[in-house]
Amino acid sequence: MGWNLLWCCGRLLLWSAAALTLRAQEKNPFAEDAKAAKLGEYEFRANCAFCHGLGARGGGRGPDLTRARKKHGSSDADLYRTINEGVPGTAMPANGATQQGVGMTAEEIWQVITYIRSVEKKAPAQPVGDAGHGKELFNGAGACANCHMIEGKGGRLGPDLTSTGSSRAIEYIADSVRNPNQRLAQGISEAMKEFSQEYETVKVVDAKGEKLTGVVLNEDNFSLQMMDTKEQIHLFQKDKLRSFEKTRESLMPAYDQKMLSDKDLQDIVAFLLSLGAPSGGAQ
Amino acid sequence: MKKAPMNGAIEERFLDCEGRPFAGANGKKNHRPASFGMTGLLNVSAAVLVIAACFASSGQAQVTPQRLRDSAKEPQNWLMYSGDYAGRRFSALDQINKANAHALVPKWVYQTMASGKFETTPLVVDGVLYGTGQDDRAYALDARTGRPIWQYQRALPSDIRPCCGRVNRGLAILGGKVFLGTLDSHVIALDAKTGNVVWDATAFDYRKGYSITLAPLAIKNLVLIGVSGGEYGIRGFIDAYDANSGERKWRFYTVPGPGEPGHETWEGDSWKVGGSPAWITGTYEPATNTTFWTTGNPSPSNRGEGRAGDNLYSNSLLALDADTGKLKWYFQYTKHDEHDYDATQVPVMVDQGEKRLIVQANRNGFFYVVDRATGKLISANTYAKVTWSDSKDARGAPVARKDASPTPDGNRVCPGAAGATNWMSPTYDPQTSLFYVTAREQCDIFSTAPQPYEEGHAYYGSAYFPNDDAAPFWGALRAIDPATGKTKWEWKHPSPTWSGVLSTAGGLVFTGDAEGNFIALDAATGKALWHFQCGASVYSSPMAFAIDGKEYVAVAAGSALLTFGLP
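Notes on the structure follow. (Residues numbered from 1 in each chain as written. Chains lettered and ligands numbered in written order. Predicted model: local features only at pLDDT ≥ 70, side-chain atom pairs only at ≥ 80, totals over all residues.)

**Here we look at the overall build of chain A**
Helix and strand counts for chain A come out as nine helices and seven strands. For chain A, the proportion of its 283 residues judged to be buried stands at 33%. Taking the intrachain contacts of chain A between residues at least 6 apart in sequence as the baseline, contacts between residues at least 24 apart amount to 61%. (Helix = DSSP H or I, 4+ residues; strand = E, 2+ residues; numbered from the N terminus. Buried ≥ 20, exposed ≤ 12 C-beta atoms within 10 Å, placed from the backbone. Contact = placed C-beta atoms within 7 Å.)

This is the structure in structure tokens:
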């Protein structure tokens, strides 16, 4: 029995099934149906809440879905596609491939979408802030761009913030500026690993006595790959280090009122929210 | 064929091509006591070579029920999921040992070319390795090279209902057949020589949420399996099939029906969808003809409302008569569970002098020692962080705190839903008298919500999710002394792993981590002696075998089955 043959047939079936379902699934058959939303909530709890949190308010791993604007497209068809096919290159798996929950039927996916619509904040969550001024601060006096990249420009020591505005709640972003130790951002995600490495701070003294501070890129019991504050990447065998200290104290300073007023913070949040407009959901 | 000197010490452990005892290359029988030492291993090489050559020409030795009972007599083979009927996952091979483990190198790699978790523990019989893979693959490989002899993949329906990945953990072997439990809830027998299907038995209708992921257990002429489906409101069971015909000989429902003892532990009709799956391979005590099986959560896992009572026999250890499936006794680890604390960890037999025990590091964070003649609890001690229980009943069994139940908005409880350990196998090393287990230090926020049952649909009664602060979140391999329940040493993992543990007579324990390392540790001290980066998290339990006088250790990671040996 040839695996290739099986694989081929399987792919053909998948393609034809996908073609059929796509045609049928442009609009939500349960739109605004409260009963369907309730059923969708059950499915959401079982399949989605692990990353997106209860009430779809977002978790450490999944975006806040109460935002009306979705990073990978906001229309019914976009949501269906995102749920059914996943988002390649992210932690969002295709329907049925979560390894945790189980695959949903088309009907159940529409119920989940109905539920998500029911918890979306109706009032557009536009911040009261000056995005233009926020951009100036980000790249200038705020010094954010020293460590954070936006649309290919900026530093690499902290997470890329291009899409943060479209996936996180305003309060989440503001809190992360005021209190960066609260939750460390997720870094490299390995395909087979449940949880990605976080942006933990690491201080080492190498075999020659050189002291280095930076963030963990990748670590296991025996080795450490880190980026120092000059964005140099190092690989160390742990048993060769003179000292090794890792903390959950972020390298990012806590921006208090003196460093950044509430008004300036609002402007920076407004700038982040203005970014990463959905591309229409194309691949 | 290479001629190796034979001292005749252990050749009587071998069978020839027809299954007769193999007399050894010099044709003489010798009844000196068996030695599992390195000398013994090297001297069996000629016998192994002869058997491998037999396989190539005229088919292989038959695996008789007697060989399964006497698996300790043929340490070069790995005849069942846990290595022996006692569930010890201990290899008596010692060619790879504390002194030379640092020199281990990869020997060969077999790729299933499939995605998803690769959880198999392969079998090795007389030079042939039999394994499974994702999406119900099975294969026989030349154990010296990893080159396939045959490959099989079940044509699965598109609407199967696996819980947690399209996984399979391995095969059983008996006679000339290997046995596979499938994700569409069938039990099939494959011809060990060709991979052709010999018989195909339906255990249950998979559309109702049943699936099989465990490696079957062969006892006498029976093939025993249990089912998965605690996430779908199934009614769990353990089955025995005739190895020759595939006819079902007995079924034990893990949720008692009307009129049966234990039925009263379920509210109303909740027993019909009570879950209690049996999804990890059991063990067997030939002397008493007792087979020990463990069960998982009552359904729905995160909601106790509507199923008031202890919910027998969920999260239990069951002692069944191997011929009839009749219940001899049970011990329930977690009553009326609301945290998915499945007891589906291999129940391991340990003897302490006259005491015949079953030990289990349970998903609920306690290490339990139970008398295996009576099911009486002897001790229960925590081996990981526990918040769900802070008291014990008169028997000494942990009792759940009232305020540990899931709430609509979530309640933080330790261990988390994945448990303080899970299905990955522990090991018991008779040389150190220590029990080694993968511990996961993780808490979760458990929420609950009413959920109507719908046949074949996920039935959790809500969800769990990790703490926002992500702490604690790490793991450890712990060496527990079953006599005291105390941890003698631990090897910390940066994050919780899904790898099982193997111990060997070389004074080693092998395990893997989520960061992708496969590691050899000193069994006495926990010191790391060697590691290899597999390139993917390890989601399997390792094993060891020998062929041509050379010991190998094997583990599945990513889509690769990797083997290691000395240069």
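**Quick word on the sheet that holds strand S21 (residues 366-371) of chain B**
Residue and element names in this part refer to chain B. Taken together, four strands build an open sheet; the order of strands is S19-S20-S21-S22 and the sheet is antiparallel. Sheet topology places strand S19 (348-352) and strand S22 (377-382) at the edges, where each strand pairs with a single neighbour. Averaged over neighbouring strand pairs, the angle between their axes works out to 25 degrees when direction is ignored. Across five bridges, the pairing between S21 and S22 is antiparallel. If you follow Val-370 over to S22, its bridge partner there is Leu-377. (Pairing = 2+ DSSP bridges. Axes fitted to C-alpha atoms, helices over the stretch in contact; angles between N-to-C directions.)

**Quick look at the packing of helix H2 (residues 34-47) of chain A against helix H5 (residues 106-119) of chain A**
Residue and element names in this part refer to chain A. The interhelical angle for the contact between H2 and H5, taken along N-to-C directions, is 100 degrees, at an axis separation of 7 Å. Considering the angle they form, H2 stands roughly perpendicular to H5. Contacts between H2 and H5 involve Ala-36, Ala-37, Leu-39, Gly-40, Glu-41, Glu-43 and Phe-44 on the former and, on the latter, Glu-108, Gln-111, Val-112, Thr-114, Tyr-115 and Ser-118. Split into classes, the residues belonging to the contact of H2 with H5 amount to six nonpolar, four polar and three charged. (Parallel < 35°, antiparallel > 145°, perpendicular 65-115°, else oblique. Nonpolar A, V, L, I, M, F, W, Y, C, P; charged D, E, K, R; others polar.)

**Details of the packing of helix H4 (residues 76-85) of chain A against H5(A)**
Residues and elements named next belong to chain A. Contact geometry for H4 and H5: axes closest at 10 Å, N-to-C directions at 120 degrees. On the basis of the axis angle, H4 is oblique to H5. The crossing of H4 and H5 is right-handed. Along its contact with H4, which presents Asp-76, Leu-79, Tyr-80, Ile-83 and Asn-84, the element H5 presents Ile-109, Val-112, Ile-113 and Ile-116. In the contact of H4 with H5, the residues fall into seven nonpolar, one polar and one charged. (Left-handed = near helix turned anticlockwise from the far one by under 90°.)

**A closer look at the pairing of strand S27 (residues 434-442) of chain B**
Residues and elements named next belong to chain B. Here S27 lies mainly inside the structure; nine of its nine residues are buried. Of the two faces of S27, both are covered, the one formed by Leu-434, Tyr-436, Thr-438, Arg-440 and Gln-442 as well as the one formed by Phe-435, Val-437, Ala-439 and Glu-441. Judged from the three bridges that link them, strand S26 (residues 427-429) and S27 form a sheet pairing that is antiparallel. Note on S27: the bridge partner recorded for Thr-427 is Tyr-436. Connecting S26 to the next strand, S27, in antiparallel fashion are four residues, including Ser-433 with a positive phi near 55 degrees. Bridge count for S27 against strand S30 (residues 473-481) is eight bridges, and the pairing is antiparallel. Bridge pairing in S30 places Phe-435 opposite Ile-480.

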